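Structural features, examined
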Amino acid sequence: MFKSVWLLTKLQICNLFGFNESKYAKDKKTKNRLKTTLVAFIILGAMLILYSALLSYAFASFGFVEIVPLYLGSLAFSIIFGFSVFRAGAIFDVKSYEKFAVLPVPQSAIVASKFLTLYATNFLLSFAVMTSGAVATCIVAGFDLWFLLSMILSSVFLPLLPITLALLIGTAIYAIVSRFKKNNFLKTALTTIFVVAVIAWPSMMDTSASDLEFIQDLASLFSGIGKALPPLAWLGAGTRVSGIGYFFLFVISSLALFAAYSLLVGKFYKNICSALSSKSANANFKMSEQTAKLPIFALYKRELKRYISCSIYFMNTAMGNILAVVLAIAILLVGVDSVFTQLGIPMSLITAFSPFIIALVNNLSSLTSSAISMEGKGFEQTKALPVSAKTVMDAKLLLQYTFSLPTSLICSTSFAIALGAKGAQILWIFILPFALSLLCGALSLLVNAKFPCLSWDNPSVPVKQSSSTLICMLASMGMIILSAVAMLAVGENYTNLMGFLLTTAYLAALAFIYKKLSNLRLNEIDEK
């Protein structure tokens, strides 16, 4: 039993991170692609560690050391919960189960290996957050052996609670929507509402206060989270030697809840998979009138259906657009100063950087970074279609611009109104984000054409774990940040000149990339 669990877990982790492919691949391009993915993960991990350490340092500097465990625990909890709630479909995927079911291993071993694989990926995140924050706190407040040791040990058990709750909620969502027709659309809508609610909740805080008052507000917020989630409160109390009993209570409760859920799922795993994969039949189907459309519109409709029907694809790539709309509404309701004080950006820089803030939020993740990869093995059917590669690429770009360009205009309008922009300032608030959205979408599609990920069983692989996605995200962020630095470097007197030069550069790069996309051959796009 334990040997089977270990082998299945090892196999899934190796496939998840591409270890086997990197070890046995003979093609240098494949190994270089995996190395690029690893570097990108390291950069993102470093950013998370820096964020955890800086805010922990701030809490300790203002005398709120007791809040640090609650803050770090809440941060790790929310990130793990956010990533895991969409994994319920992958855990209970009937196709994945059927692949394992033919193996001579018990059903409980399959379930345990899936849970351990999910735990292993989240443990790394938990360890990075808790350890970095604990070290930063010890630098300010002084070395405390039990505090440091308990924080490190807590990272082992902390992922269990958010994983369990996320899978419970995710399973409930899948169970509800599987009973309805158009269940994929309903699933996407429910997860979108859930994410928007989570994003909008922190913006209700009063952020117009001083740094000390803002830290006090955050301390009150995390204290409230501790009351809502007792295990996190026990973790906070257990980091003091006098409260060591609370630490063991946190460990036992986390283990008990995870074990109870695992045993329950292990017993009914096959039934849950079958129930969640069931479809509602339409007994009233009638053949409607058939219409002919131009190839690009037919392909666009196909891309749109694929995009909306896959909640993992939609939620991960539309996150930037959702954030942009939430940001636009927030700055109109509570004011620019309140929103950006919360984000740590001084008001003196907001006016100059507003076009790049819009572009950065709106282009956090482009759907074109995985638009080709999402076709999977079905891309061979696309190659056989009697259409040019240019038409296929145009359809994918059109879908990207359907979401990114309207959100860019909405966000630019709200910024222009909230800032009271005049003259040329209005021009750059609209033009620069719009041009960057055009460029980021085309660049992401070209990168995905060069680094496609077509051999996958779960859509989270091309959307979250492919080299194309990470390269596109880092490239877009780097390009936007460098543009903002260039605008800052020239000063206010040359803002219009720099805006004109940047816009010209964006459009020239867009023309070059679009020409490369138009000259692509579908038969040459293949996973290396």
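Rules used throughout
Residues numbered from 1 in each chain as written. Predicted model: local features only at pLDDT ≥ 70, side-chain atom pairs only at ≥ 80, totals over all residues. Heavy atoms only, no water. Helix = DSSP H or I, 4+ residues; strand = E, 2+ residues; numbered from the N terminus. Buried < 20%, exposed > 50% of the residue type's maximum accessible area, 1.4 Å probe, protein only. Contact = heavy atoms within 4.5 Å. Areas by Shrake-Rupley, 256 points an atom, 1.4 Å probe, with all protein chains shown as cover. Phe/Tyr/Trp six-rings, centres within 6.5 Å; stacked < 30°, edge-to-face > 60°. Core = buried A, V, L, I, M, F, W, Y, C linked by side-chain atoms within 4.5 Å. Expected span 1.5 Å × (residues − 1). Bend = angle between axes of the 7 residues up to and from the residue. pLDDT = per-residue confidence, 0-100. Axes fitted to C-alpha atoms, helices over the stretch in contact; angles between N-to-C directions. Parallel < 35°, antiparallel > 145°, perpendicular 65-115°, else oblique. Left-handed = near helix turned anticlockwise from the far one by under 90°. Nonpolar A, V, L, I, M, F, W, Y, C, P; charged D, E, K, R; others polar. Polar contact = N/O pair within 3.5 Å; in protein donor to acceptor, adjacent residues only side chain to side chain. Patch = residues over 30% accessible without salt bridge, like charges linked within 9 Å, V, L, I, M, F, W, Y side chains within 5 Å. Salt bridge = Lys/Arg side-chain N within 4 Å of Asp/Glu carboxyl O.

1. Quick notes on the overall build of the protein
Check the secondary structure of the protein and you find 24 helices and zero strands. Split into buried and exposed, the 528 residues of the protein put 49% on the buried side. Considering only intrachain contacts with a sequence separation of at least 6, the fraction spanning at least 24 residues in the protein is 82%. Working note: accessible area of the protein is about 25,600 Å², and carbon and sulfur atoms make up 70% of it.

2. A word on the environment of Tyr 506
Mapped onto the elements, Tyr 506 comes out in helix α24 (residues 495-518). Here the alpha-carbon distance between Tyr 506 and Cys 440, two residues 66 residues apart in the chain, equals 9.4 Å.

3. Details of the packing of aromatic side chains
The relative placement of two aromatic rings is captured by the distance of their centres and the angle of their planes. Scanning the entire structure with this criterion turns up 12 aromatic pairs. Each ring, one from Phe 77 and one from Phe 81, has its centre 6.2 Å from the other, and the planes form 5°; the classification is stacked. In this pair, Phe 77 and Phe 81 are both assigned in helix α4 (residues 68-84), four residues apart and thus about one turn of the helix distant. Here Phe 115 and Tyr 261 contribute two aromatic rings whose centre-to-centre distance is 5.8 Å and whose plane-to-plane angle is 10°, an arrangement assigned as stacked. Of this pair, Phe 115 sits in helix α7 (residues 107-141) while Tyr 261 sits in helix α13 (residues 244-276), and the two are 146 residues apart along the sequence. In this pair, the class of Phe 115 matches that of Tyr 261, namely buried. Put simply, the rings of Trp 146, Phe 247, Phe 248 and Phe 250 touch in pairs and so form one group of aromatic residues.

4. Focus: the nonpolar core
Looking at soluble globular proteins, one finds that nonpolar side chains tend to be buried together. With 68 residues, the main nonpolar core has Tyr 313, Phe 356, Ile 372, Phe 415, Tyr 506, Leu 517 and Ile 525 as its most contacted residues. Residue assignment for this core shows that the elements contributing at least two residues are α14 (295-309), α15 (311-317), α16 (319-333), α18 (347-362), α20 (389-419), α21 (424-450), α23 (467-490) and α24. Grouped together as the second largest cluster of nonpolar side chains are 43 residues, Phe 64, Val 111, Leu 160 and Val 251 included.

5. So, α7
Taking 1.5 Å as the rise per residue, α7 with 35 residues should run 51 Å; its terminal C-alpha atoms sit 49 Å apart, in good agreement. Helix geometry: α7 is bent most strongly at Asn 122, by close to 25°. Two residues or fewer past α7, Gly 142 is found with a positive phi of approximately 100°.

6. Some thoughts on the confidence of the model for the protein
Per-residue pLDDT for the protein has a mean of 79; in total, 76% of the residues score no lower than 70. Across the protein, α24 holds the top mean pLDDT of 93, while helix α10 (residues 183-200) sits lowest at 56. Note that pLDDT drops below 50 for residues 202-211; the model gives that stretch 15 contacts with residues more than four away or on any other chain.

7. What to know about the packing of α16 against α20
Where α16 contacts α20, the two axes come as close as 9 Å, and the packing angle between them is 20°. Taken together, the axes of α16 and α20 lie roughly parallel to each other. Handedness of the α16/α20 crossing: left-handed. Seen from α16, the contacting residues are Asn 321, Ala 324, Val 325, Leu 327, Ala 328, Ile 331 and Leu 332; seen from α20, they are Phe 403, Ser 404, Thr 407, Ile 410, Cys 411, Ser 414, Phe 415, Ile 417 and Ala 418. Class assignment for the residues of the contact of α16 with α20 results in 12 nonpolar, four polar and no charged.

8. With respect to helix α8 (residues 145-157)
In this model, α8 (13 residues) spans 19 Å end to end at C-alpha, consistent with the 18 Å of a helix rising 1.5 Å per residue. Residues of α8 that are buried include every one of Trp 146, Phe 147, Leu 148, Ser 150, Met 151, Ser 154, Ser 155 and Phe 157, and no others. If you check the start of α8, you find a side-chain oxygen 3.2 Å away from the backbone N of Trp 146, and it comes from Asp 144.

9. Details of a nonpolar patch on the surface
A grouping of Tyr 57, Val 135, Ile 139 and Val 140 is seen on the molecular surface, where their side chains present a nonpolar patch of about 360 Å² in accessible area. Top element by residues in the nonpolar patch is α7. It accounts for three residues. Looking at where Ile 139 falls in the secondary structure, it is placed in helix α7. Overall, Ile 139 belongs to the exposed group, its relative accessible area being 63%.

10. Things to note about the pattern of salt bridges
Taken as a whole, this structure holds seven salt bridges when the rule is applied. The shortest N-O distance in the salt bridge between Lys 396 and Glu 303 comes to 2.7 Å. Taken together, the residues span a long stretch of sequence, with Lys 396 in helix α20 and Glu 303 in helix α14 at a distance of 93 residues. Per residue, the accessibility class of Lys 396 equals that of Glu 303, and both read buried. Between Lys 396 and Glu 375 there is a salt bridge, with the nearest N and O atoms lying 2.6 Å from each other. Remark: Glu 375 occurs in the loop between α18 and α19 (379-383) and Lys 396 occurs in helix α20; sequence separation between them is 21 residues. Assessed through its relative accessible area of 8%, Glu 375 is described here as buried.

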